[in-house]
Amino acid sequence: MSVHIGATQGQIAETILLPGDPLRAQYIAETFLEGAEKYNDVRGMYGFTGTYKGKRVSVQGTGMGIPSMSIYAHELMSQYGVKNLIRVGTCGAYQKDVKVRDIILAQAATTDSAINRHRFGNNIDFAPVANFQLLKNAYDVATERNMPVHVGNVFTSDTFYNDRGAELVPLLASYQVLAVEMEAAALYSLAAKFGVNALAIMTVSDHLVTGEETTSEERQTTFNQMIEVALDAALMK
Ligand SMILES: O=P(O)(O)O[C@H]1O[C@H](CO)[C@@H](O)[C@H]1O
Ligand SMILES: O=c1cc[nH]c(=O)[nH]1
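Residues numbered from 1 in each chain as written. Chains lettered and ligands numbered in written order. Predicted model: local features only at pLDDT ≥ 70, side-chain atom pairs only at ≥ 80, totals over all residues. Heavy atoms only, no water.

You'll find the protein entered in an unreviewed UniProt entry as Purine nucleoside phosphorylase DeoD-type, with Tumebacillus permanentifrigoris given as the organism. Its UniProt record gives the protein a comment under Sequence similarities (unreviewed entry), which states: "Belongs to the PNP/UDP phosphorylase family." The record held by UniProt for the protein lists under Subunit (unreviewed entry) the comment "Homohexamer; trimer of homodimers." (UniProt positions renumbered as here; feature names shortened; annotations may be inferred.)

Undergrad: Quick question: what am I supposed to make of the overall build of the protein here?
TA: Broken down by element type, the protein carries eight helices and nine strands. For the protein, whose C-alpha radius of gyration is 17 Å, the value lies close to the compact-globule estimate of 18 Å for 237 residues. If one aligns the C-alpha atoms of the protein with their principal axes, the spans along those axes are about 45 × 40 × 30 Å. Looking at the protein as a whole, 54% of its 237 residues are labelled buried. Summed over its atoms, the accessible surface of the protein is roughly 10900 Å², and 50% of this surface lies on carbon and sulfur atoms. If the 19 positive side-chain charges of the protein are averaged to one point and the 25 negative ones to another, these points end up 5 Å apart. (Helix = DSSP H or I, 4+ residues; strand = E, 2+ residues; numbered from the N terminus. Rg over C-alpha atoms; globule rule 2.2 N^0.38 Å. Buried < 20%, exposed > 50% of the residue type's maximum accessible area, 1.4 Å probe, protein only. Areas by Shrake-Rupley, 256 points an atom, 1.4 Å probe, with all protein chains shown as cover. Lys, Arg positive; Asp, Glu negative; His and termini not counted. Charge placed at Lys NZ, Arg CZ, Asp CG, Glu CD.)

Undergrad: What exactly am I supposed to notice about the site of ligand 1 here?
TA: Taken together, G20, R24, M64, G65, R87, G89, T90, F160, E181, M182 and E183 make up the full set of residues adjacent to ligand 1. The contact in question runs from an oxygen atom of ligand 1 to an N or O atom on the side chain of E183, over 2.6 Å. For ligand 1, the protein covers 89% of the area, taking 350 Å² as the surface of the free molecule. Per element, the largest residue contribution to the shell around ligand 1 is three residues, and it comes from strand β5 (residues 84-93). (Near = heavy atom within 4 Å. Polar contact = N/O pair within 3.5 Å; in protein donor to acceptor, adjacent residues only side chain to side chain.)

Undergrad: What should I look at first to understand the site of ligand 2 in this one?
TA: Taken together, the residues surrounding ligand 2 are T90, C91, G92, F160, V180, E181, M182, S205, D206 and L208. For ligand 2, a nitrogen atom lies 3.3 Å from a polar atom in the backbone of G92. Side-chain polar atom of D206 to a nitrogen atom of ligand 2: 2.8 Å apart, as the coordinates give it. In isolation ligand 2 has 240 Å² of accessible area, and contact with the protein removes 90% of it. Looking at the shell around ligand 2, the elements with two or more residues in it are β5, β8 (179-181) and β9 (197-207). Here the element with the most residues in the shell around ligand 2 is β5; it accounts for three residues.

Undergrad: How should I be thinking about the packing of helix α1 (residues 22-32) against helix α8 (residues 224-235) in this particular structure?
TA: Describing two packed helices takes the angle between their axes plus the distance from one axis to the other. Here α1 crosses α8 at 70 degrees, and the two axes come no closer than 12 Å. Judged on the interaxial angle alone, α8 and α1 are roughly perpendicular. For the pair α1 and α8, contact is made by Y27, I28 and F32 and by N224, I227, E228 and L231, respectively. Residue composition of the contact of α1 with α8, by class: five nonpolar, one polar and one charged. (Axes fitted to C-alpha atoms, helices over the stretch in contact; angles between N-to-C directions. Parallel < 35°, antiparallel > 145°, perpendicular 65-115°, else oblique. Contact = heavy atoms within 4.5 Å. Nonpolar A, V, L, I, M, F, W, Y, C, P; charged D, E, K, R; others polar.)

Undergrad: I tried to follow the packing of helix α4 (residues 132-144) against α8 on my own but got confused; where do I start?
TA: The interhelical angle for the contact between α4 and α8, taken along N-to-C directions, is 125 degrees, at an axis separation of 8 Å. What the angle tells us is that α4 and α8 run oblique. Crossing hand, α4 versus α8: right-handed. Residues L134, N137, A138, V141 and A142 of α4 pack against V229, D232, A233 and A234 of α8. (Left-handed = near helix turned anticlockwise from the far one by under 90°.)

So this is what it looks like as structure tokens:
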């Protein structure tokens, strides 16, 4: 057991999906995994292990934002030997050609978080990037199935409600940032630290330019394409 995860050694698979919402973890386990068993309910942050196409896979809720996600990712990497971590989340689109329900593969993650300044000091801007093989696999799976997919930079924000949004959204959009979410930069940085593989895949739940939205029920249950991409990409390795 680790501080925040109640699993024993061997209960968590080397490949794991990481949704922010623990109810999405339960939905993924019930919908996509065979023989899924719950290994964690500490703080209601559910984790399950089962099989997908005959291979062991886990799914763990991480909560929202860098501090919560980093606790789970750190413990999974440092204490449970997890090697392939795929965030399956939601994001808000910044570009007009990115539509609600499209899939975003985060090639890199810009952030306003100070986590890497705390690590490296103020003179180094560490560039958090996706694992190339996972990124390529996910892109290949999505395009072979004619899914609407975009690859590029995302903005990992420390705030959901940002007082400077009216200024920041057009600025970041003008630098080709595709969308905003709240965890990818930290997941990529931790994966680099521990020498493991990470990818963040997000479905667009709302649009910061057009104002289009999905409902919270849709956010929980209608992201099946993204989950299929994540599982098939992880197991191609
Ligand atoms: O849907 P999840 O994975 O939680 O991701 C996004 O949704 C939350 C904000 O509503 C943040 O965690 C953000 O990154
Ligand atoms: O972090 C997020 C996630 C979805 N939509 C947003 O606007 N921000």
